[in-house]
Amino acid sequence: MKKFWLVFINEYKRHVLRKRFIFAVLSMPIFVAFICGIGFLSVWIQYNFKPVGYIAPAGLLENAQAVPEESDQIFHSVPFVQYTDEKAASADLKTQKIQAYFVISPDYIQTGEVEYIKVTKTGSNVEDDFSAFLQYNLLRDKPKEVAQRILDGTNLTVRSVDGSKEMSVDNWMVIMLPIIAGVLFLIAVNISGGYLLQAVVEEKENRTMEIVVTSVSPSQLMGGKIIADMLVGLTELAIWMVFTVFVIKLAPSLLPIGQSAQINASSILLIVAIYLPAFIMIAAAMGAVGATATEAREAQQVAGLFTLPIVIPFWFITAIMFNPTGQLATWLSIIPITAPISMPLRAVFTTVPTWQILLTIGLLDLCAAFMVWLSGRIFRIGMLQYGKRVSLKQIFNRRTLLESQK
Amino acid sequence: MSSIIVEHVHKNFGTVKAVNDVSFEVRPGEIFGLLGPNGAGKTTTIRIILDIFKPDSGRVEILGGPMDEQKKNRIGYLPEERGLYQDIPLDRCLNYLATLKGLDSGMARTRIDEFLDRFDLADAKKKKVKELSKGMQQKAQLISTLVHQPELVIIDEPFSALDPVNTQMVKDLLREQRDQGKTIIMCTHQMHQVEELCDRLVLIDSGQALLYGTLDEVRRKFAKPSVLITTHDALPETIQGVGDIEKVNGNYLLHLINGAQPNDVLKSLVEKKITLEKFEIALPTLDEIFIEVVNKQGGVR
């Protein structure tokens, strides 16, 4: 057991202390920051903060005030200037003192009609800002709660008959959770599997296999590597999560995740119970691919094939959402390779029978154990075939399998 | 108790008989040569001994029984396929491999430092393994084979990639290990190294053990009826019991006729007042025996 931990610690340190890992970890925040920067820039380019005029009928928008700015607001609002007649507004538009003006219809309260006059292209922020300006000033005299109620509109909550599930516009994170978790799972599996695959191939490329297997058992070696590489993937993911939380804290308005989300503990539990064996199953399969390949690049190409079936449920996401008890959704959530994404998603939209959940988890546990066993076997067959590929015939040859078990 | 017992071991890979009824025994405290041409089955035999491969039939005992996880710590192995982790510093690589052999990290560090000094690698210990020369990597591998002070050392071609100075140092090291009571199996086809170092040997070809015994036994078995003499006197045309006379490197090789004994030849030479500087039974070199045996078996591949 001590040697298992030695392999584990060495494997973990070997990856985490490499420059390649540090670059991989930093690449994600840099990429996200870059995308955000580009997004910010493209929005900013389309915005125009030149004043906008308005002509309001008598009695409407008297003593109008600018909408108070929130502390975390990134862009300022467009300043609005009141004109008493259209002539003056039009003159200012021509001299480009203002970028546009609105003419509010005298029967606005009944019709909601507003005319928007502009000469050239205006900023894309003008309409939204004017809408907010109108709403704020029209509701300014109302009690705060009433104003908020009017602004929020309807809030429909759908509950399951047994009361175990509930969904509303406010609680959209419940739907997002399995999707986000699924994407994170995919990323983590790819990273960890990639590291494991690389580790096994490197062991072959470095010709260290023979020394190592005369020091530790193949199961200690593979076990240590699988767990270490799993943790390397999770470390990467955890660093990104910390980065995300940091960004949310820094600028909550950038990401809506921090908003009210009532995530059920049972959803988390289901995700963990399904992801853990699935993770081991896929990582072990990638390790087996590494043992059959001759070089890292070749193994990486083959490993890509594993990601494909995991993603299948995303293609049928609408079918799962609209008919979570249908045959397709049920089967996808039971088949081990598609279950990690399908089952948590299905569980959001329907009450999945307990036997189905237990069957899925049971099958995944069995498959994980089988894959670790099989990868150990393939590893034993492939470990000393330096520069040679392990053929499918060899893997499934009964004699070779028996040989590897001896 | 023997360090290793190999009894009637067979191992086939498909239709190829890699090891075919091989038997031998390695005694404690000896340097044992496992010889054979390329592809003879030496490495497969070693891998069977180390439990990397399972034999199809036959029995293998190592350090008093079948191989187990505990015994792995008592064995040092330098495989034919050399390899170290290329992307990490040398000391970290050696430390990891030493701890896998049961040493605690502190003890491993102390012993590795001693070996690095001895092998003149102390300055390279923080370098990445891939930055070291082939010879330096070879020495580093020897360190990882010996650092945990194994009772049994199995080394495959220990002198490849070493210059004469380092070859001599490794020879001294192997002798030192033997003197400390360690058992060493040396797998090689460099016969002069075997003659210098090995106490006993087995020669394998086409998966079969063709020769087995002490170095002296094997050479005597292949000795031709001839004697080697060194003298400054001119030899008479006829010597009792001698057929042909051949001059070899300043010596005379006297081929005896059927039934003649070296004693008769010596007596005849003394009677003829020939001053002898050297008189010995002409034993063949291992190289000659190797070529003869392997050629008889079907040729060197």
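This structure is a prediction, so every number in the text was calculated from the model and none was measured.

K.L.:
Honestly, the overall build of chain A in this entry has me stumped. Any pointers?
P.N.:
A count of helices and strands for chain A gives 17 helices and six strands. Counting every position in chain A, which comprises 406 residues, the buried fraction comes to 44%. Across chain A, contacts joining residues at least 24 apart in sequence account for 75% of those joining residues at least 6 apart. Element-wise, carbon and sulfur atoms account for 65% of the exposed surface of chain A, whose accessible area totals about 21800 Å².

K.L.:
Teacher, can you tell me more about the overall build of chain B here?
P.N.:
Of the regular secondary structure elements, chain B holds nine helices and 13 strands. The principal-axis extent of the C-alpha atoms belonging to chain B is close to 70 × 45 × 35 Å. Across the 301 residues that make up chain B, the buried fraction comes to 52%. Sequence-distant contacts in chain B: of pairs separated by 6 or more residues, those separated by 24 or more amount to 66%. For chain B, the accessible surface area stands at approximately 13700 Å², while carbon and sulfur atoms represent 48% of it. Of note, chain B has its 39 positive side-chain charges centred 4 Å away from the centre of its 44 negative side-chain charges.

K.L.:
I'm lost on the pattern of salt bridges in this one. Help?
P.N.:
Pairing is possible between side chains of opposite charge, provided their charged atoms come close. A complete count under the given rule lists 20 salt bridges over all chains for this structure. For A:R18, the salt bridge identified is with B:D87, shortest N-O distance 3.7 Å. In this pair, A:R18 sits in the loop between α1 (2-16) and α2 (19-46) while B:D87 sits in the loop between β5 (75-78) and α2 (90-100), so the two residues belong to two different chains. With a relative accessible area of 27%, B:D87 lands in the partly exposed category. One salt bridge in this structure joins B:R118 and B:E176, with 2.8 Å as the shortest N-O distance. With B:R118 in helix α3 (residues 105-118) and B:E176 in helix α5 (residues 164-179), this residue pair connects regions lying 58 residues apart in the sequence.

K.L.:
Explanation requested: the sheet that holds β5(B) in the structure shown.
P.N.:
Note on sheets: strands pair through backbone hydrogen bonds, and any given pair is parallel or antiparallel. Residue and element names in this part refer to chain B. An order of β5-β6-β7-β3-β8-β9 is seen for the six strands of this open sheet, with the pairing classed as mixed. The open sheet has two edge strands with one neighbour each: β5 and β9 (208-214). Here the average twist between neighbouring strands, direction ignored, is 15 degrees. Where strand β6 (residues 152-156) meets strand β7 (residues 183-188), five bridges bridge the pair, whose relative direction is parallel. Of the residues in β7, the one forming a bridge with I154 is I185. Running over the sheet, helix α1 (residues 42-49) touches β3 (31-35), β5, β6, β7 and β8 (200-205) and is turned about 150 degrees from β7.

K.L.:
What's the story with the interface of chain B and chain A in this structure? I'm lost.
P.N.:
Reports of interface size often rely on the accessible area that becomes lost once the parts have come together. Facing 30 residues of chain B, the contacting portion of chain A comprises 29 residues. In this assembly, chain B packs against chain A so that about 2700 Å² is buried in total across both faces, 53% of it on carbon and sulfur atoms. Remark: the boundary between chain B and chain A carries two salt bridges. Joining chain B to chain A, the criterion identifies eight residue pairs in polar contact (both at pLDDT 80 or more). Taken together, the elements giving at least two residues each to the side of chain B that touches chain A come down to β1 (4-13) and α2 of chain B. Counting residues per element, the side of chain B that touches chain A draws most heavily on α2(B), at five residues. Of the residues that constitute the side of chain B that touches chain A, the class distribution is 12 nonpolar, six polar and 12 charged.

K.L.:
Looking at this model, I keep getting lost on the packing of helix α13 (residues 327-334) of chain A against helix α14 (residues 339-349) of chain A. Mind explaining?
P.N.:
Each pair of packed helices gets described by two things: the angle between the helix axes and the distance between those axes. All names here are of chain A. It is the contact of α13 with α14, at a shortest axis distance of 7 Å, that shows an interaxial angle of 125 degrees. In terms of axis orientation, α13 runs oblique to α14. For α13 against α14, the interelement crossing comes out left-handed. Residues A329, T330, L332, S333 and I334 of α13 lie in contact with α14, whose contacting residues are A339, S342, M343 and R346. Split into classes, the residues belonging to the contact of α13 with α14 amount to five nonpolar, three polar and one charged.

K.L.:
Before we go on, may I ask you to explain the pairing of β9(B) in this structure?
P.N.:
Each regular strand carries side chains that alternate between the two faces of the sheet. All names here are of chain B. As defined by bridge partners, β8 adjoins β9 across six bridges and the pair is classed as antiparallel. Paired with L201 across the two strands is G213, which belongs to β9. Two successive antiparallel strands, β8 and β9, enclose a turn made up of two residues, where S206 displays a positive phi of approximately 45 degrees.

K.L.:
What's the story with the sheet that holds strand β2 (residues 16-26) of chain B in this structure? I'm lost.
P.N.:
All names here are of chain B. Overall, antiparallel pairing links the three strands, which are arranged β2-β1-β4 in an open sheet. A single partner strand is all that each edge strand has here, and the edge strands are β2 and β4 (57-62). Direction aside, neighbouring strands of the sheet carry axes that sit 20 degrees apart on average. One ladder, built from eight bridges, connects β1 with β2; its direction is antiparallel. By the bridge assignment, K11 is partnered in β2 with V19.

K.L.:
Can you help me understand the packing of helix α10 (residues 265-292) of chain A against α14(A) in this one?
P.N.:
Residues and elements named next belong to chain A. At their nearest, the axes of α10 and α14 sit 9 Å apart, and the two run at 170 degrees to each other. As far as their axial angle goes, α14 and α10 are roughly antiparallel. Side by side, α10 and α14 meet where L270, I271, I274, Y275 and A278 of the first sit next to A339, P340, M343, P344 and A347 of the second. Here the contact of α10 with α14 is composed, by residue class, of 10 nonpolar, no polar and no charged.

K.L.:
Just checking my understanding: could you explain the packing of aromatic side chains for this structure?
P.N.:
What characterises a pair of aromatic rings is the spacing of the ring centres plus the angle enclosed by the ring planes. Considering all chains together, one arrives at 22 aromatic pairs over all chains under this definition. Among the aromatic side chains, those forming a connected cluster through ring pairs are A:Y54, A:F80, A:F102, A:Y116, A:F130 and A:F133.

K.L.:
Just to check I follow, could you spell out the nonpolar core for this structure?
P.N.:
The tendency in soluble globular proteins is for nonpolar side chains to be buried side by side. The biggest cluster of nonpolar side chains holds 145 residues, and the ones touching the most others in it are B:I4, B:F24, B:I154 and B:L174. Among the elements that line this core, the one with the most residues is α10(A), at 15 residues. Formed by 14 residues, the second largest nonpolar core is a distinct cluster that contains A:L60, A:V78, A:F102 and A:Y108.

K.L.:
Just to check I follow, could you spell out the side chain of B:T145 for this structure?
P.N.:
All names here are of chain B. Counting through the fold element by element, T145 comes out in helix α4 (residues 134-146). The class of T145 is buried, set by a relative accessible area of 2%. Only 2.7 Å separates the side chain of T145 from the backbone oxygen of Q141, close enough to count as a polar contact.

K.L.:
How should α2(B) be read in this particular structure?
P.N.:
Since one α-helical turn is 3.6 residues long, residues separated by three or four positions face the same way. Most of α2(B) sits inside the fold, with 10 of its 11 residues counted as buried. Those residues of α2(B) that fall on the buried side of the exposure criterion are B:L90, B:D91, B:C93, B:L94, B:N95, B:Y96, B:L97, B:A98, B:T99 and B:L100. Here the buried face of α2(B) lies against α1 and α8 (209-213) of chain A together with α3 and α4 of chain B. The first or second residue beyond α2(B) is B:G102, which carries a positive phi of 95 degrees.

Each value, and the rule that gives it
- Residues numbered from 1 in each chain as written.
- Chains lettered and ligands numbered in written order.
- Predicted model: local features only at pLDDT ≥ 70, side-chain atom pairs only at ≥ 80, totals over all residues.
- Heavy atoms only, no water.
- Helix = DSSP H or I, 4+ residues; strand = E, 2+ residues; numbered from the N terminus.
- Buried < 20%, exposed > 50% of the residue type's maximum accessible area, 1.4 Å probe, protein only.
- Contact = heavy atoms within 4.5 Å.
- Areas by Shrake-Rupley, 256 points an atom, 1.4 Å probe, with all protein chains shown as cover.
- Lys, Arg positive; Asp, Glu negative; His and termini not counted.
- Charge placed at Lys NZ, Arg CZ, Asp CG, Glu CD.
- Salt bridge = Lys/Arg side-chain N within 4 Å of Asp/Glu carboxyl O.
- Pairing = 2+ DSSP bridges.
- Axes fitted to C-alpha atoms, helices over the stretch in contact; angles between N-to-C directions.
- Buried area = accessible area lost by both parts, 1.4 Å probe.
- Polar contact = N/O pair within 3.5 Å; in protein donor to acceptor, adjacent residues only side chain to side chain.
- Nonpolar A, V, L, I, M, F, W, Y, C, P; charged D, E, K, R; others polar.
- Parallel < 35°, antiparallel > 145°, perpendicular 65-115°, else oblique.
- Left-handed = near helix turned anticlockwise from the far one by under 90°.
- Phe/Tyr/Trp six-rings, centres within 6.5 Å; stacked < 30°, edge-to-face > 60°.
- Core = buried A, V, L, I, M, F, W, Y, C linked by side-chain atoms within 4.5 Å.

In short, geometric facts, not functional conclusions.
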